Amino acid sequence: MDSLVLSEQLTESAQKFLQSPGLQVHARPEWGSHNPAHRDLIRAEIQKLLPENWHSSTSHTEGVGVIVLSPHPIGVDVEVTERVSDKTVARVSSPEELAAAPSAAALWCAKEACFKALRSYDQPSVISKISIGSWENIDSQTETFRLSNYETFNSSSENRGVVKKISTWSLAFLFFPLNFGLVLPKSLLTKR
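All figures in this text were calculated on a predicted structure; none of them were measured in a lab. (Residues numbered from 1 in each chain as written. Predicted model: local features only at pLDDT ≥ 70, side-chain atom pairs only at ≥ 80, totals over all residues. Heavy atoms only, no water.)

Moving on: helix H2 (residues 38-49). With 12 residues, H2 extends 16 Å between its outermost C-alpha atoms, agreeing within 8% with the 16 Å of an ideal straight helix rising 1.5 Å per residue. Among all positions in H2, only His 38, Ile 42, Glu 45 and Ile 46 are buried. All buried residues of H2 project into a common sector of 105 degrees when viewed along the axis, lining one side. Facing away from the buried side of H2, by more than 90 degrees, are the exposed residues Asp 40, Gln 47 and Lys 48. Elements in contact with the buried residues of H2: strand S1 (24-28), strand S2 (55-61) and strand S3 (64-70). (Helix = DSSP H or I, 4+ residues; strand = E, 2+ residues; numbered from the N terminus. Expected span 1.5 Å × (residues − 1). Buried < 20%, exposed > 50% of the residue type's maximum accessible area, 1.4 Å probe, protein only. Arc of directions from axis to C-beta. Contact = heavy atoms within 4.5 Å.)

In structure tokens form, the structure reads like this:
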């Protein structure tokens, strides 16, 4: 799949389901982990693309790498779907989470995306401390979810996640909107 088409598909889908019109998703095959230079390529692209005071998240697997940019805390994960086993996910998930999740890959990617988005809060040391729930099937390739135990990390109860299955990959995004409780700069609060 052409990287421009993939990036446009992912951006449109993530903006829609996360309700974040400014969100940017960039995906390219050369950023995949098969390329020994993938980390350098991703870093260079982030330096070119990242607006000041925005958040970024990256992920890469065989055949594709993804960069997500947002004015709000964001996390992304991408995995080759068939490589994620129930046994592996069971080591970091509760039986209830496994039963509720649409697939092992969806749950793994959701947890990884949450872990990355929690960098702006009290990020846990391991993903097994993250609980995912409120799964909703949108279509054959799309599921939404929420971080269930947000209070554990002093994060916002307002969080939105989406898992997309595209080609051989599963991708998850988790987003914490910051449009409520907005802190204004002191210069705007000072009387003139």
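Following the structure, the description resumes.
Okay, the confidence of the model for the chain next. Taken as a whole, the chain shows an average pLDDT of 88; of its residues, 89% reach a score of 70 or greater. Per-element confidence in the chain is highest for helix H5 (residues 104-117), whose mean pLDDT is 98, and lowest for helix H6 (residues 186-189), whose mean pLDDT is 33. A low-confidence stretch, residues 179-192 (pLDDT under 50), is modelled with five contacts involving residues beyond four sequence positions or located in other chains. (pLDDT = per-residue confidence, 0-100.)

Our focus in this paragraph is the pairing of S2. The side chains of a regular strand alternate, residue by residue, between the two faces of the sheet. Relative to S3, S2 runs antiparallel, the two sharing seven bridges. Bridging across to S3, Ser 56 finds its partner in Leu 69. (Pairing = 2+ DSSP bridges.)

In this section: the environment of Leu 49. Considering the arrangement of structural elements, one finds Leu 49 in helix H2. Remark: the alpha-carbon pair of Leu 49 and His 26, spanning 23 residues in sequence, is separated by 9.8 Å. Excluding its chain neighbours within four sequence positions, the residues that come into contact with Leu 49 are His 26 and Leu 69.

This structure, assessed with the given rule, holds six salt bridges. Arg 28 is the salt-bridge partner of Glu 45, the closest N and O atoms lying 3.4 Å from each other. Remark: Arg 28 occurs in strand S1 and Glu 45 occurs in helix H2; sequence separation between them is 17 residues. Overall, the relative accessible area of 9% leaves Glu 45 in the buried class. Note that Asp 40 and Arg 43 form a salt bridge whose closest N and O atoms lie 3.0 Å from each other. With Asp 40 and Arg 43 both in helix H2, this residue pair falls three residues apart, about one helical turn. Residue classification places Asp 40 among the exposed positions, given a relative accessible area of 52%. By relative accessible area, Arg 43 is classed as partly exposed at 48%. The structure contains a network of salt bridges with shared partners spanning Arg 28, Glu 45 and Lys 48. (Salt bridge = Lys/Arg side-chain N within 4 Å of Asp/Glu carboxyl O.)

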